[in-house]
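Residues per chain, in single letters:
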Amino acid sequence: MSAKERKLTEKEQKRAAEFEKLSRKMLDDGYSQRDLTIGILYANMMALFVACPVVILLGIVYVMVHPEDGNLLIVFEDRYLIFAITFFISIIVLTVLHELIHGLTWAFFTEKHWKSISFGVIWSALTPYCTCNEPLNKNEYILGSIAPTVILGLAPMLIAIVVGSPFLFLLGAMMYLGGGGDMMIILKMLRFKANGSEVLYFDHPYKVGLIVFEK
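The residue numbering used here restarts from 1 in each chain and proceeds along that chain's sequence as written. In keeping with the model being predicted, local features are shown solely for residues with a pLDDT of at least 70 and side-chain atom pairs are shown and tallied solely at 80 or more, while totals for entire chains, interfaces and linings include all residues. Side-chain measures here rest on the full set of heavy atoms in the structure, leaving out hydrogens and waters.

### What to know about the packing of aromatic side chains
Moving on, step 1. Each Phe, Tyr or Trp ring (for Trp, its six-membered ring) is paired with any other whose centre lies within 6.5 Å, and the angle between the two planes then decides the class: stacked below 30 degrees, edge-to-face above 60, tilted in between. A complete count under the given rule lists eight aromatic pairs for this structure.
Moving on, step 2. With a centroid separation of 6.3 Å and an interplanar angle of 45°, the aromatic rings of Phe-19 and Phe-213 are classed as tilted. One end of the pair, Phe-19, is in helix α1 (residues 10–28); the other, Phe-213, is in strand β5 (residues 208–214), and 194 residues separate them in sequence.
Moving on, step 3. Think of it in three bands: with a 1.4 Å probe and only protein chains considered, a residue is buried below 20% of the maximum accessible area for its type, exposed above 50%, and partly exposed in between. The class of Phe-19 is buried, set by a relative accessible area of 11%.
Moving on, step 4. An angle of 85° between the planes, with centres 5.3 Å apart, marks the rings of Phe-108 and Phe-109 as edge-to-face.
Moving on, step 5. Looking at Phe-108, the relative accessible area reads 63%, which means it is exposed.
Moving on, step 6. Since its relative accessible area comes to 27%, Phe-109 is described here as partly exposed. Only DSSP runs of H or I with at least four residues qualify as helices, and only runs of E with at least two residues qualify as strands; both kinds are numbered from the N terminus onward.

Written out as structure tokens, the structure reads:
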């Protein structure tokens, strides 16, 4: 999604202007620039194809280990309203926590730490995001990208299989699916082959994905 397709907030405009200055400086210093961003709608759609196989596989494992929970309508019988309200609130809280984990992980690797982390919401797609304003190496960027999905998605599903909690499994499944966009970005990074010996990875200030500078 480009800046022309949605109105940027004041903070996004400021970050965009700062990034433009940085980009010009990097190009003047002999770096080439590669765009590894993806559209938000494309990311949301393709995320399902990336994340669904793992959720389905673990769902099958869960039902095999806990066949009594195979029909969730029976599991939550007479508690549908309580379940729905609790589930909805949990998803909102975990979505906020998802972005905080992005920020905390990336901040650990940056020089200015938390001061280099910014948050925002793409209201047209109801999508919150976290962005890092300092360069990261490849492994640092990937770790910060995948950490929330592992902590809030994969781990809860695995724990749910062990303890037999359908509620925890459904929460984990939703958060894993919600991290599909991050996995799309990681796949795009892994497919990217750097040609230079100096490679810097900058999170895009308002788009989904990153910009790579190399020379």
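That was the structure; now back to the text.
### Brief notes about the nonpolar core
Nonpolar side chains in soluble globular proteins tend to be buried together.
Moving on, step 1. Ranked by size, the top nonpolar core spans 21 residues in total, and within it Trp-106, Tyr-141, Met-189 and Leu-210 carry the most contacts.
Moving on, step 2. Elements that contribute at least two residues to this core include exactly β1 (32–38), α2 (40–65), α4 (80–109), β3 (127–132), α5 (138–163), α7 (180–191) and β5.
Moving on, step 3. With four residues, the top contributor of residues to this core is α7.
Moving on, step 4. For this analysis, residues touch if any pair of their heavy atoms sits within 4.5 Å. Beyond its immediate sequence surroundings of up to four residues, Tyr-141 is in contact with Trp-106, Leu-136, Ile-185, Met-189, Asp-203, Gly-209 and Leu-210.
Moving on, step 5. The set of buried Ala, Val, Leu, Ile, Met, Phe, Trp, Tyr and Cys residues whose side-chain atoms join them within 4.5 Å is what this entry labels a nonpolar core. Counting residues in hydrophobic clusters, the runner-up holds eleven residues, among them Ala-51, Leu-58, Met-157 and Ile-161.

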